[in-house]
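Here are the chains, one letter per residue:
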Amino acid sequence: MTANLEVRDGVGTILLDRPPMNALDVATQDRLRELAEEATRRDDVRAVVLYGGEKVFAAGADIKEMQAMDHTAMVVRSKALQDSFTAVARIPKPVVAAVTGYALGGGCELALCADFRIAADNAKLGQPEILLGLIPGAGGTQRLARLIGPSKAKDLIFTGRHVRAEEALTIGLVDRVVPAAEVYEQAYTWAATLAKGPALALRAAKESIDAGLETDIDTGLTIERNWFAGLFATEDRERGMRSFVEEGPGKAKFL
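Trainee: Mind showing me how you'd approach the layout of surface pockets here?
Mentor: If you roll a probe as big as a water molecule over the atoms, it shows you where there is empty space left. Looking at the largest pocket, its volume works out to about 920 Å³. Forming the walls of the largest pocket are 31 residues, and the residues nearest its centre are Ala-89, Arg-143, Arg-146, Asp-210 and Glu-214. Counting only elements with at least two residues in the lining of the largest pocket, the list comes to α3 (71-89), α5 (140-148) and α9 (199-213). Here the lining of the largest pocket gets seven residues from one element, more than from any other, and that element is α9. For the lining of the largest pocket, the per-class residue count stands at twelve nonpolar, six polar and 13 charged. If you go around the second largest pocket, you meet 32 residues; those closest to its centre are Ala-61, Met-66, Leu-81, Glu-129 and Leu-134. Here the element with the most residues in the lining of the second largest pocket is α3; it accounts for six residues.

Trainee: I would appreciate a short explanation of the packing of α9 against helix α10 (residues 217-230) in the present structure.
Mentor: Between two packed helices, both the angle of their axes relative to each other and the distance between the axes serve to describe the pair. Viewed as axis vectors pointing N to C, α9 and α10 meet at an angle of 170 degrees, and their least axial separation amounts to 9 Å. With respect to α10, the element α9 is oriented roughly antiparallel. Every residue of α10 that contacts α9 at Leu-200, Arg-203, Ala-204, Glu-207, Ser-208, Ala-211 and Gly-212 is listed here: Gly-220, Ile-223, Glu-224 and Trp-227. For the contact of α9 with α10, a count of residues per class yields five nonpolar, three polar and three charged.

Trainee: I would appreciate a short explanation of the state of the cysteines in the present structure.
Mentor: Put plainly, two cysteines are in a disulfide when a covalent bond ties their sulfur atoms together. Summed over the entire model, instances satisfying the criterion amount to zero disulfides. Cys-108 supplies the cysteine sulfur nearest to Cys-113, a cysteine that is in no disulfide, at a spacing of 10 Å. Judged by relative accessible area, Cys-113 falls into the buried class, the value being 3%.

Rules behind the numbers
Throughout, residues of each chain are indexed from 1 in the direction in which the sequence is written. The predicted origin of the model limits local features to residues at a pLDDT of at least 70 and limits the giving and counting of side-chain atom pairs to 80 or more, whereas totals for whole chains, interfaces and linings rest on all residues. To obtain the side-chain values, all non-hydrogen atoms of the structure were used and water was disregarded. Cavities and pockets are defined on a 1 Å grid built over the protein atoms alone: a cavity is a set of grid points where a 1.4 Å probe fits but cannot escape, while a pocket is an open set with protein on both sides within 12 Å along at least five of seven lines, and lining residues are those with an atom within 4 Å of any such point. Grid points are joined across faces, edges and corners, and a volume is the space filled by probe spheres set on the points. Under the scheme used here, helices are H or I runs from DSSP no shorter than 4 residues and strands are E runs no shorter than 2 residues, and both carry numbers assigned from the N terminus. Polar here means any residue outside two lists: the nonpolar Ala, Val, Leu, Ile, Met, Phe, Trp, Tyr, Cys and Pro, and the charged Asp, Glu, Lys and Arg; Gly therefore counts as polar. Orientation is described by axes fitted as lines to C-alpha atoms, over the contacting stretch for helices, and by angles from 0 to 180 degrees between their N-to-C directions. Convention used here: angles under 35 degrees read as roughly parallel, angles over 145 as roughly antiparallel, angles from 65 to 115 as roughly perpendicular, and any remaining angle as oblique. Two residues form a contact once any of their heavy atoms are found within 4.5 Å. Disulfides are defined in this document as cysteine sulfur pairs within 2.5 Å. Working definition: with a 1.4 Å probe on protein chains only, accessible area under 20% of the residue-type maximum means buried, over 50% means exposed, and in between means partly exposed.

This is the structure we're talking about:
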């Protein structure tokens, strides 16, 4: 297997396992889609960590494999490539990327699919496709611009330069920088905390934010309103409000 899903205490870790650099070949891309769909289905997975291991997150696509593809082959493959990453982005549960070492090209695009990114202090991120005469093809031109703004995204994509962890934090590409030895532990701890929250409300929050960013404010408010009202039919809402009234704020335990 090029990747696998390990589940512990409500947290599913999608672990890339294609040494030495976790190059994202076709088999790995397809496997990511399968694991994202599995994490979506499984009730025992309430939050997800994306992890490439202690040394590297993912150094990008398998260039030798791509070199052998012509235009016709890539017309067919590019949709499947995007679908694999979109499946990760649409996991309806909190997703945390634990970024170690290199996260370049497709590796950076995979990290962009997470809701929150914790990076090692030795991490390097970037979209170097321009140096191959290409552009990002797994969502980089879209997700990066939405995350850090079009000007900063163009800087990284036009130049293909690598960004060290501290600059990535400054521009909003990652959300926290920690010592390399602590990356997975901190990502897991954050995911485990979220895994104890109300699953339907977390899903509603994620879908409202993500869908709202793709539309105008009025439509976004409608999405929010529908989810907000719908949550009044859930046991989690009853449990949360009852706990607040009887015990005070922040003490509810959700199933």
